[in-house]
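# A structural walkthrough
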Amino acid sequence: MAKMWAGRTAGEVNKTADDFNSSISVDCRMYAQDIQGSIAHATMLGMQGIIGQDDAEKIIEGLKDILQGIDSGAIAIDPDAEDIHMFVEQVLTEKIGDVGKKLHTARSRNDQVALDTRLYLITEIDDISAKLKGLLKVIANVAEENNGVIMPGYTHLQHAQPILFSHQILAYAMMFSRDVERLADCKKRTRVSPIGSCALAGTTYNTNREYEAELLGLPEIALNSIDGVSDRDFCVEFLSAASLIMMHLSRFSEEIILWSSSEFSFIELSDDYTTGSSIMPQKKNPDMAELCRGKTGRVYGDLVGLLTTLKGLPLAYNKDMQEDKEGVFDAIDTVKMCLDVFTPMLSKMKVKKDSMYAAAQKGFMNATDLADYLVKKGMAFRDAYKLSGKIVALCIAKDCILETLPLEEYKAACELFDEDVYEAIALETCVAKRISAGGTSKESVEKQIEYIKNLI
Ligand code: ARG
């Protein structure tokens, strides 16, 4: 069938080339946004007297019917159509006759695709933000339920200092809270209307772009029509925010995978968020966390893919830009799917506080506190540091821990030591005394929980 744009050419495209050119399989997702945009456009055209009010009303009625028809399945999207914009216009003209041909006055598909993508993304940003808030809520709850549980804190994946488990998971809550902010920021720049750019240079018709934007709930219009149709920064910003969400999920997943190993044994995942092995009967694998970690790669790919597509594109619209949506949609689907699995997995995870505590007793993580004990008794920190190191070596030789080294040994090492050393180096003390803002004390953790809860 000849294309709607047949004119200069007969509009007969080679079948393979036509399939290659078609984007309907991807952009059919935006049918509701495309129709919403067309309704606003027809309303504006009618209001400005660019088309008759009667015609505008007929077009709007027709568009509403099409929306209903696609929603209900009565109208099937034609897989052979060139794209969603052409499809809707074609169905409209078939439905209401020649008046349908007036809809495309003072606009271009270049405007439409930019607008539809923006409208689509705005809804998805809201959806993803809501899911992130759901995750924040679960982290805050798990942190609250387990406040006081001590685990080893790591640097270089080596035992470093005792910390509260809640403090550790709240670090992720802080990351996800920044993700929510980032999405809100990206949404601000997405809520800009490109419609009325009219392919690139604007139009001779007396359009009202501000009114049309207002009808679409967009507070701003693109101030430069060339930029209006060429700008895909909002897609890149979204993909970058999505990549960061995935990076955070991936780091958290990595810890969950480690913690559920028998070497760590800090947590146990609920059976319904694990899988078994086809050959090893004893297995309980953390596949969901692994997949969240693994799928991070594809979202990074979506980001780098689009950046690479856009690099070097001359102004204004180029067909290369049709490649933008697949990655954006993939990132949306991936992030949502991961959050839908990760959040309940976390809420159902069992925290094994005894194993965490036992692990925290290994590795002399209270050595810093031992040095601080001596400093408080008058020794210079460097000397206290050295002496504490020697005492750690003594414990290693005697196969004991700082808490079980006899007082005589302490006293032999330095006369500043007294019975109160045991209280000073108890893991509970090490944690409770870290009262600095943002530290690992219970009170600080409570404040962090409060902060996160206020964001939800
Ligand atoms: N399907 C196109 C896309 O997704 C719509 C814009 C087409 N514009 C054009 N001048 N061919 O980018």
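Attention in this report is confined to the structure presented alongside it. Just so it is clear, the structure is predicted and the values come from calculations on it, not from any experiment.

## Looking at the overall build of the chain
Within the chain one finds 19 helices and six strands. Taken over the C-alpha atoms alone, the chain extends approximately 100 × 50 × 40 Å along its principal axes. Residues counted as buried form 50% of the 456 residues belonging to the chain. Of all intrachain contacts in the chain linking residues separated by at least 6 positions in sequence, the fraction that spans at least 24 positions is 75%. Looking at the chain, you have 50 positive and 69 negative side-chain charges, and the mean spots of the two groups are 3 Å apart.

## Some details on the site of the ligand
The local shell around the ligand consists of Ser23, Asp27, Asp83, His85, Arg109, Asn110, Val113, Tyr317, Lys319, Gln322 and Lys325. With respect to the ligand, the side chain of Gln322 contributes an N or O atom lying 2.7 Å from a nitrogen atom. Protein contact buries 86% of the 340 Å² of open area that the ligand shows by itself. For the shell around the ligand, the class distribution of residues is two nonpolar, four polar and five charged.

## Some details on the packing of aromatic side chains
Counted by the stated rule, this structure contains 10 aromatic pairs. Among the aromatic residues, those joined into a ring-pair cluster are Tyr373, Tyr410, Phe417 and Tyr422. Above the plane of the ring of Phe234 lies Arg118, whose end atom (NZ or CZ) is 4.1 Å from the centre. The ring centre of Tyr385 lies 4.9 Å from the NZ or CZ of Arg382, which sits over that ring.

## Concerning unusual backbone geometry
Backbone torsion omega between Leu315 and Ala316 reads 0°, so that peptide bond is classified as cis. Note that Ala316 resides in the loop between helix H11 (287–310) and helix H12 (324–348). Despite not being glycine, Cys198 has its phi angle at roughly 55°, a positive value. Within the secondary structure layout, Cys198 lies in the loop between strand S3 (192–193) and helix H8 (209–215). Of note in this structure, Asp399 is not a glycine but carries a positive phi near 55°.

What counts and how
Every residue gets a number counted from 1 within its own chain, in the order that chain's sequence is written. Only residues with pLDDT of at least 70 get local features here, since the model is predicted, and only at 80 or more are side-chain atom pairs given and counted; chain-wide, interface and lining totals rely on the full set of residues. The side-chain quantities take in all heavy atoms of the structure and omit both hydrogens and water. Secondary structure elements are defined from DSSP: runs of H or I of at least 4 residues count as helices, runs of E of at least 2 residues count as strands, and each element is numbered from the N terminus. Relative accessible area decides the class of each residue, using a 1.4 Å probe on protein chains only: under 20% of the type maximum gives buried, over 50% gives exposed, and in between gives partly exposed. The contact criterion used is simple: two residues touch if any of their non-hydrogen atoms lie within 4.5 Å. Asp and Glu are treated as the negative residues and Lys and Arg as the positive ones, with His and the ends of the chain left uncounted. Just so you know, the charge point we use is NZ for Lys, CZ for Arg, CG for Asp and CD for Glu. By convention in these notes, a residue is near a molecule or strand provided one of its non-hydrogen atoms lies within 4 Å of it. Two N or O atoms count as a polar contact when they lie within 3.5 Å, although within protein this holds only if one can serve as hydrogen donor and the other as acceptor, and sequence-adjacent residues are included solely when both atoms are side-chain atoms. Method for areas: the Shrake-Rupley scheme with a 1.4 Å probe, in which residue coverage is limited to the protein chains shown. Residues are sorted three ways: Asp, Glu, Lys and Arg are charged, Ala, Val, Leu, Ile, Met, Phe, Trp, Tyr, Cys and Pro are nonpolar, and all the rest, Gly among them, are polar. Two rings from Phe, Tyr or Trp (for Trp, the six-membered ring) form a pair when their centres sit within 6.5 Å of each other. Planes less than 30 degrees apart are called stacked, planes more than 60 degrees apart edge-to-face, and all others tilted. Here, a charge over a ring is recorded when the distance from Lys NZ or Arg CZ to the ring centre is within 6 Å and its angle to the ring normal is within 35 degrees.

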